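# Summary of structural features
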Amino acid sequence: MTAAAAQSVKRPSAAPAIQAGQARALRIWLGAIAFLIVAMILVGGATRLTDSGLSITEWQPILGVIPPLSDADWQEAFEAYKQIPEYSQINRGMSLEAFKSIYWWEWAHRFLGRFIGLVFFVPFVCFWAAGYIPRTLMPRLIGLFVLGGLQGALGWYMVKSGLVDRVDVSQYRLAAHFGVAVLIFGYTLWLILGLGREAGAKPARSSAATVAAGLVLGLIFVQMLAGALVAGIDGGLGFNTWPLMNGASIPRGLGEASPWYLNLFENPLTVQFNHRMLGYAVVVVTILQAVWLGMRDPRAPYVGSAATLAVLAVLQATLGVWTLLLAVPIELGLAHQAGAILVFAAALYHFWLALHGANRAEGQTAASA
């Protein structure tokens, strides 16, 4: 290869899409949004753990930001709550003060959703007017905003499931609502990681490390959905022993529901059992991935992220067992949920490194040639 050709390999394929200062400002903005999404997920978890999610029986995207301000307003909200099955079958005789305590959890959850929309939209307009947003990023940011709006609608669709014939929300809709929140969080992180990369940089070819990282990320997401199903049917409030369930490694009753597939979603024993098994699987595959990558190429940029992910998975599983043994106190329940988000974020970052590390490795090989 000639010297000119070698230099052409080393030369960047395109100019940076945005200046370093602009990329830093966008990262701070999107980082704040990601932080607020995590806060909203955790407040949503507290809303579920305190059985507060049905305390507001209307969806008012604009006016709903204003909580009851007078005694008459509070009484009106309380009377609306008295019309739903949760009150008549579970909370009959509840005092107004007790109602206020569950109302504020649900109001805070909805308020955070609106606040995130504001924190997104106002800086977005300012950055766009200042020319900070590159053309390739614009549709992705608009897509993120649309996803946030759809998530609000999905949240109301979830709440509606508990206002007529049920005393709680559908576990299917709760898992969907939680899953979309995690995906929005992950997409936000992905945008942050991609800021400042060279424009026109080609995607990496599929490699074994990239495929493995993607499969691990997918497994962790499925495990989080399984955890949402456990929360949706209060599956963590029973079978509070470990490592055995009902005195057995494989307890009786896993297939009691008919048809059989309902056991996967509506049988508390089976739902919790599946969550446990998926948790074990996450721990095993993250450790195996870290060992495999370390033996395969110890200098690869993603070996450290794989090891970190394995450690976090072990800690999260330990926290999950502790939470289960104590029958899900709210503090540990929220810590376990936060741990799941942290593991997901670590897996996403590892996948990103594996994907783009293949580009760097390929470039180094070509340059040396």
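My aim in this report is to walk through the structure given alongside it, one point at a time. For clarity, every value in this text was computed on a predicted model and none was experimentally measured. (Residues numbered from 1 in each chain as written. Predicted model: local features only at pLDDT ≥ 70, side-chain atom pairs only at ≥ 80, totals over all residues. Heavy atoms only, no water.)

### Description of the overall build of the protein chain
Across its full length, the protein chain holds 12 helices and 0 strands. Ordered by position in the sequence, the α and β elements of the protein chain form the string α-α-α-α-α-α-α-α-α-α-α-α. Here the protein chain holds 369 residues, and 44% of them are scored as buried. Contacts in the protein chain between residues at least 24 apart in sequence constitute 78% of all its contacts with a sequence separation of at least 6. Accessible surface computed for the protein chain: about 19100 Å², of which carbon and sulfur atoms make up 67%. (Helix = DSSP H or I, 4+ residues; strand = E, 2+ residues; numbered from the N terminus. Buried < 20%, exposed > 50% of the residue type's maximum accessible area, 1.4 Å probe, protein only. Contact = heavy atoms within 4.5 Å. Areas by Shrake-Rupley, 256 points an atom, 1.4 Å probe, with all protein chains shown as cover.)

### Thoughts on the nonpolar core
Residues Trp-29, Leu-30, Phe-99, Leu-141, Phe-185 and Ile-220 are the most contacted members of the largest nonpolar core, which totals 88 residues. Not counting residues within four places of it along the chain, the set of residues in contact with Leu-30 comprises Leu-141, Leu-144, Thr-188, Leu-191, Ile-192 and Leu-195. (Core = buried A, V, L, I, M, F, W, Y, C linked by side-chain atoms within 4.5 Å.)

### Considering the pattern of salt bridges
Applying the stated rule across the entire model yields 5 salt bridges. The residue Glu-97 makes a salt bridge to Lys-100 at a minimum N-O spacing of 3.5 Å. With a gap of 3 residues between them, Glu-97 and Lys-100 both fall in helix H5 (residues 96–129), about one helical turn apart. For Lys-100, a relative accessible area of 17% corresponds to the buried category. (Salt bridge = Lys/Arg side-chain N within 4 Å of Asp/Glu carboxyl O.)

### So, helix H7 (residues 171–194)
Over its 24 residues, H7 runs 34 Å from end to end, which matches the ideal 34 Å to within 8%, given 1.5 Å per residue. For H7, the N-terminal capping position is held by Ser-170, with its side-chain oxygen 3.2 Å away from the main-chain nitrogen of Tyr-172. (Expected span 1.5 Å × (residues − 1). Polar contact = N/O pair within 3.5 Å; in protein donor to acceptor, adjacent residues only side chain to side chain.)

### Here's the deal with the environment of Val-167
Position of Val-167 among the secondary structure elements: in the loop between helix H6 (138–160) and H7. Val-167 gets classed as partly exposed once you look at its relative accessible area, which sits at 26%. Spatially, the C-alpha atom of Val-167 lies 7.3 Å from that of Gln-89, the residues being 78 residues apart in sequence. Apart from the residues lying within four places of it in its own chain, the contact partners of Val-167 are Leu-54, Pro-85, Glu-86, Gln-89 and Ile-90.

### Thoughts on the side chain of Thr-270
Assignment of secondary structure puts Thr-270 in helix H10 (residues 268–296). By relative accessible area, Thr-270 is classed as buried at 5%. Once you skip the residues sitting within four places of it in the chain, Thr-270 turns out to touch Gly-253, Leu-254, Gly-255, Asn-263 and Leu-264.

### What about helix H3 (residues 71–81)?
Note: α-helices contain 3.6 residues per turn, so residues at a spacing of three or four share the same orientation. Burial in H3 covers these residues: Trp-74, Ala-77, Phe-78 and Tyr-81. Each buried residue of H3 lies within a common arc of 100° when the element is viewed along its axis, so the set occupies one face. Within H3, the exposed residues directed more than 90 degrees away from the buried face are Ala-72 and Glu-76. Buried-residue contacts for H3 involve helix H4 (85–89) and H5. (Arc of directions from axis to C-beta.)

### Digging into the environment of Val-314
With respect to the helices and strands, Val-314 occurs in helix H11 (residues 303–325). A relative accessible area of 34% places Val-314 in the partly exposed class. Distance in space between the C-alpha atoms of Val-314 and Val-284 is 9.0 Å, their sequence separation being 30 residues.

### Remarks on the packing of aromatic side chains
Evaluation of the coordinates by the stated rule reveals 23 aromatic pairs. For the pair Trp-74 and Trp-104, a centre-to-centre distance of 5.5 Å together with 70° between the ring planes defines the contact as edge-to-face. With a gap of 30 residues between them, Trp-74 in helix H3 and Trp-104 in helix H5 connect regions that are remote in the sequence. Under the relative-accessibility criterion, Trp-74 is labelled buried at 7%. Trp-104 sits in the partly exposed class, given a relative accessible area of 37%. The interplanar angle of 35° and the centroid separation of 5.4 Å between the aromatic rings of Tyr-81 and Phe-99 together place this pair among those described as tilted. Residue Tyr-81 is located in helix H3, and its partner Phe-99 is located in helix H5; the two are separated by 18 residues in the primary sequence. Just as Tyr-81 is buried, Phe-99 falls in that class too. (Phe/Tyr/Trp six-rings, centres within 6.5 Å; stacked < 30°, edge-to-face > 60°.)

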